[in-house]
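# Structural characterization, general
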Amino acid sequence: MRTAVCTGIRPLAAVLLLSAGGCSPAYVLRAGWEEARILSVRRPIRAVIHDTTVARETRDKLRLVLDARDFAERDLGLRAGASYESFAQLHRDTLVLNVLAAPEFALRWKTWWFPIVGHLPYKGYFDFDDARAEAASLAEEGYDVSVRAVSAFSTLGWFPDPIMSTTLRLDSLGLVETVIHEITHSTYFPTGQADFNESFANFVGHRGAIEFFCGAVRDASACERAHQRWDDTRVFGRFFHSILEPLEEVYASPLPDEAKRTAKREVFEEAARRFETEYRPQLAAQYGSIDPASLDNAWIISRLLYYTRLDDFERIYESLGELVPSVEALMREAATGDPWEALTRLTGSGAAEPGRDR
């Protein structure tokens, strides 16, 4: 979530909302208390780096965080503000549980409204029992529900976000991607556009990591892995989108509900088979099989948050040759309108926006 909270195939981000219309006072107070607690334990990264009582691996990763942060501002023109200059050691592996929901027979996410960021298709909980209770309640209402762990969040510059120990569990490439991803949110975050914000930041995070490792630090091995990971990410994006049309045909059909449930399950079973035969061979890294029994609308919608039109973002990059002018072109084109429409104008693509609940 950005709290709200962000999730994806890899641990992605989250916005912490300290005031939320429609949320209970207990939810708001807990969010505020947790943010205050995180801020109270943070230490300047530069001080931690020179503290020999801290594990060397932690100090090395924190140096990388500072390098990635400086690169994002200096070379990519992003605005980090006071974020990622401090470190917070937490005493749990999971920062937040994120709850997402979609109707049983519609590719449309349930949204919650929050000040500043507008409607978001997820709600983050520091209290894990509350997250599970919310998920159970939504399931009773007939929604497909997903509960996912989150390791990092961004407050969009409203607070000096520290890098947290939960985020340091990522490898060096994932860490750089995440730092740039989150700083992208602080730079550009159109309200009520969750899927654009996450997919755009996914693009900038991956392409930024490529430029960081291939150009700034010239690490040949990490450079190759960064390219491969971005290629893999776009393969996943194509796979997720390949499931949409057959599902939409089922949901638009006049079939009774029980027949729709059977057809829906068959679509997901076929998707799992296609992943094995068509998509998995395209991936550079090794990934496990997909269990079709675990797939539902909440699963696919949660992926679309981060994997929508990634190839279109890449087309802009290919046409301009560098990340900075690509980001600037998108922000300039979308300055007074819908960012997805801006992307379509820049690429000439007729792709539709999937999944958003207006």
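Structural data are supplied above this passage.
Throughout what follows, the structure given in this document is the object of discussion. In this text the structure is predicted, and so the values were computed from the model without any measurement. (Residues numbered from 1 in each chain as written. Predicted model: local features only at pLDDT ≥ 70, side-chain atom pairs only at ≥ 80, totals over all residues. Heavy atoms only, no water.)

### Some details on the overall build of the protein
Quick reminder of the rule: Numbering goes from the N terminus for both helices and strands, where a helix is a DSSP run of H or I of at least four residues and a strand is a run of E of at least two. Computed with a 1.4 Å probe, the accessible areas rest on the Shrake-Rupley method; for each residue, only the protein chains presented here act as cover.
Scanning the protein for helices and strands turns up 13 helices and eight strands. Accessible surface, the protein as shown: approximately 14,900 Å² in total, 50% of it carbon and sulfur.

### Focus on the sheet that holds strand β6 (residues 123-125)
Inclusion rule: If DSSP finds at least two bridges between two strands, the strands pair. Lines are fitted to the C-alpha atoms to define the axes, a helix being fitted only along its stretch in contact, and any angle between axes, read from their N-to-C directions, falls within 0 to 180 degrees. Note on contacts: a residue pair qualifies if any of its non-hydrogen atoms lie within 4.5 Å across the two residues.
Spatially, the three strands line up as an open sheet ordered β6-β3-β7, and their pairing is antiparallel. Each of the sheet's edge strands pairs with one partner strand only, and the pair in question is β6 and β7 (143-150). Ignoring strand direction, the axes of neighbouring strands in this sheet form an average angle of 25 degrees. Here strand β3 (residues 96-103) runs beside β7; their pairing, made up of eight bridges, is antiparallel. Opposite V96, over in β7, you have V150 as the bridge partner. Packing of helix α10 (residues 297-307) onto the sheet brings it into contact with β3 and β7, and relative to β3 it is tilted by some 115 degrees.

### As for the environment of L120
Note the cut-off: Summary of the burial criterion: residues with accessible area below 20% of their type's maximum are buried, those above 50% are exposed, and those between are partly exposed, where the area comes from a 1.4 Å probe applied to protein chains only.
Tracing the backbone shows L120 in strand β5 (residues 118-120). For L120, a relative accessible area of 1% translates into the label buried. As a C-alpha pair, L120 and W109 span eleven residues in sequence and 9.1 Å in three-dimensional space.

### Focus: the packing of aromatic side chains
What counts is decided by this rule: Pairing of aromatic rings covers Phe, Tyr and the six-membered ring of Trp, with a centre-to-centre limit of 6.5 Å; geometry is then stacked below 30 degrees between planes, edge-to-face above 60, and tilted otherwise. Charges are assigned to positions over rings by a cutoff of 6 Å between ring centre and Lys NZ or Arg CZ, combined with an angular limit of 35 degrees from the ring normal.
Summed over the entire model, instances satisfying the criterion amount to 20 aromatic pairs. Judged by centre distance (5.5 Å) and plane angle (15 degrees), the ring pair of F203 and F313 falls under stacked. A residue pair is termed long-range when its members are at least 10 positions apart, and F203 in helix α6 (residues 194-216) and F313 in helix α11 (residues 310-320) qualify at 110 residues. With relative accessibility at 0%, the residue F203 sits in the buried group. Put simply, the rings of F236, F239, F240, F275, Y279, Y287, W299 and Y307 touch in pairs and so form one group of aromatic residues. For the cation-ring pair, K260 lies above F105, with the distance from its terminal atom to the ring centre recorded as 5.7 Å.

### So, the packing of helix α7 (residues 220-242) against helix α9 (residues 257-279)
Using the following cut-off: In this scheme, a crossing is called left-handed if the near helix is turned counterclockwise away from the far one by less than a right angle; it is called right-handed if the turn is clockwise.
One way to put it is that α7 packs onto α9 with a least axis distance of 11 Å and a crossing angle of 145 degrees. Where α7 crosses over α9, the handedness of that crossing is right-handed. The residues of α9 that touch α7, namely those facing V235, F236, R238, F239 and S242, are A271, R274, F275 and Y279.

### Focus on the side chain of H206
Applied cut-off: Polar contact is the term for a pair of N or O atoms within 3.5 Å; when the atoms are in protein, one must be able to donate a hydrogen and the other to accept it, and sequence-neighboring residues count only if both atoms are side-chain atoms.
Relative to the helices and strands, H206 is located in helix α6. Residue H206 is classed as buried on the basis of its relative accessible area of 2%. A polar contact of 2.9 Å, which involves the side chain of H206, links it to the backbone oxygen of N202.

### Observations concerning the pairing of β3
The element β3 is extensively covered by neighbouring structure, given that eight of its eight residues are classed as buried. Residue alternation in β3 divides its side chains into two sets, V96, N98, L100 and A102 and L97, V99, A101 and P103, and both sets are buried. Here β3 pairs with β6 via three bridges, running antiparallel. Within β6, the residue paired with N98 across the bridge is G124.

### Digging into the sheet that holds strand β2 (residues 86-88)
Across the sheet, three strands lie side by side as β1-β2-β8; this open sheet has mixed pairing. Two strands in the sheet have a free side with no partner beyond their single neighbour: β1 (43-44) and β8 (163-164).

### Observations concerning the nonpolar core
Worth spelling out the cut-off: For our purposes a nonpolar core is just a set of buried Ala, Val, Leu, Ile, Met, Phe, Trp, Tyr and Cys residues, chained together by side-chain atoms within 4.5 Å.
Counting 89 residues, the largest nonpolar core has I163, F200, F239, I243, I300 and F313 as the members making the most contacts within it. With nine residues, α6 is the largest single contributor of residues to this core. Every residue in contact with I163, bar those within four places of it in the chain, is listed here: I45, L62, V65, Y84, S86, F87, A88, L168, L175 and V179. Counting eight residues, the second-largest nonpolar core is a separate cluster that includes I38, A88, V96 and V150.

### Considerations on unusual backbone geometry
Residue Y84 is not a glycine yet carries a positive backbone phi of 60 degrees. Mapped onto the fold, Y84 is located in the loop between α3 (56-74) and β2. Of note in this structure, R309 is not a glycine but carries a positive phi near 55 degrees. The buried category is assigned to R309, whose relative accessible area is 8%.

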